[in-house]
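Structural features, examined
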Amino acid sequence: LLLSLQPYYEEKDVVEHGAFAGKWTSEDGEMLWEFTPKDGGYQVTINEDGKLGAFEVTPFKIGDELFLDFYPDMDTTDEMISAFYAIHRIPTHSPMHVQTDGETPVFRAANLDWFGDYIEANPDAIRHEMIDDGKFPILTAQPKELQALLLKGLNEKKAFADMKLKRAAASE
């Protein structure tokens, strides 16, 4: 995932897009994503092998391209995490591109390998900090700069990877 301290959108970019409400599952059945409409966006709960994560998700457009901005739901608490540990977690935004050409949307996550290599080769392309011994970029740029980077990635075959999510059957 491509993490940013700033959102990938400005308020004028936000769109309402109700087509994702409901449950989605990975092809192998190991992940379940539940999209619940909330405040013009979504509350998304991800169950990955019994481990849960909750996000506030904002749909936005750059031109005609639809993206989702994932931000951890900071109101969710884990009883097993100490307060001291919890204050060290920094909430970040991550983008997902959504192709809506066909009947079923295709969710495409930003490929950290491609974006990381691009940033390493072009360190002045976008404001960032490298962490984890220089292996992991955290973007610090403003939304317009972040959007320009996403658009650059759309022109590259390996910049986004299909998540292979499909609508879950009613019984899931």
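Anyway, here's the lowdown on the structure attached to this text. What you see is a predicted model; the values in this text were computed from it and never measured. (Residues numbered from 1 in each chain as written. Predicted model: local features only at pLDDT ≥ 70, side-chain atom pairs only at ≥ 80, totals over all residues. Heavy atoms only, no water.)

With respect to the overall build of the protein chain
Basically, it comes down to this: Only DSSP runs of H or I with at least four residues qualify as helices, and only runs of E with at least two residues qualify as strands; both kinds are numbered from the N terminus onward. Note that the radius of gyration is over C-alpha atoms, with the globule rule given as 2.2 Å times the number of residues to the power 0.38. Exposed residues in this analysis have more than 50% of their type's maximum accessible area, buried residues have under 20%, and partly exposed residues fall in between, with area computed by a 1.4 Å probe over protein chains only. Whether two residues touch is decided by their heavy atoms; if any such pair falls within 4.5 Å, the residues are in contact. Using a 1.4 Å probe, accessible areas were evaluated by the Shrake-Rupley method; residue-level cover was limited to the displayed protein chains.
For the protein chain, the helix and strand inventory stands at three helices and 12 strands. In terms of overall size, the protein chain behaves like a compact globule, its C-alpha atoms giving a radius of gyration of 16 Å where 172 residues would be expected to give roughly 16 Å. Its C-alpha atoms put the protein chain at 50 × 45 × 35 Å along the principal axes. Within the span of the protein chain, comprising 172 residues, buried residues form 37% of the whole. Within the protein chain, counting contacts between residues at least 6 apart in sequence, those at least 24 apart form 57% of the total. Surface accessibility of the protein chain: about 10200 Å² in total, with carbon and sulfur atoms responsible for 49%.

Here we look at the pattern of salt bridges
Under the convention used in this document: By definition here, a salt bridge exists when the distance from a side-chain nitrogen of Lys or Arg to a carboxyl oxygen of Asp or Glu is within 4 Å.
All told, the structure shown has five salt bridges when counted by the stated rule. We note a salt bridge from Asp 13 to Lys 144, for which the minimum N-O separation is 3.8 Å. Here Asp 13, found in the loop between strand E1 (3-4) and strand E2 (22-26), pairs with Lys 144, found in helix H3 (residues 143-154); they are 131 residues apart in sequence, far enough to count as distant. Two residues, Arg 108 and Asp 162, come together in a salt bridge whose shortest N-O distance is 3.4 Å. With a gap of 54 residues between them, Arg 108 in strand E8 (residues 106-110) and Asp 162 in strand E11 (residues 160-162) connect regions that are remote in the sequence. With relative accessibility at 12%, the residue Arg 108 sits in the buried group. Looking at Asp 162, the relative accessible area reads 40%, which means it is partly exposed.

Structural notes on the pairing of E8
Formally: Here a strand pair is declared whenever DSSP counts at least two bridges between the two strands.
Buried residues dominate E8, accounting for four of its five residues. In terms of strand pairing, strand E7 (residues 94-99) meets E8 through four bridges, oriented antiparallel. By the bridge assignment for E8, Val 98 is matched with Phe 107. What sits between the antiparallel neighbours E7 and E8 is a turn of six residues. Relative to E11, E8 runs antiparallel, the two sharing three bridges.

Notes on a negative patch on the surface
Basically, it comes down to this: The residues that make up patches have over 30% relative accessible area and no salt bridge, and they are joined within 9 Å when like-charged or within 5 Å when they are Val, Leu, Ile, Met, Phe, Trp or Tyr. Charged residues are defined narrowly, with Lys and Arg counted positive, Asp and Glu counted negative, and His plus the chain ends left uncounted. Positions of charges follow a simple convention, taking NZ of Lys, CZ of Arg, CG of Asp or CD of Glu.
Taken together, Glu 27, Asp 28, Glu 30, Glu 48 and Asp 49 make up a surface patch of like negative charges. Here Glu 27 lies in the loop between E2 and strand E3 (31-38). By relative accessible area, Glu 27 is classed as exposed at 59%.

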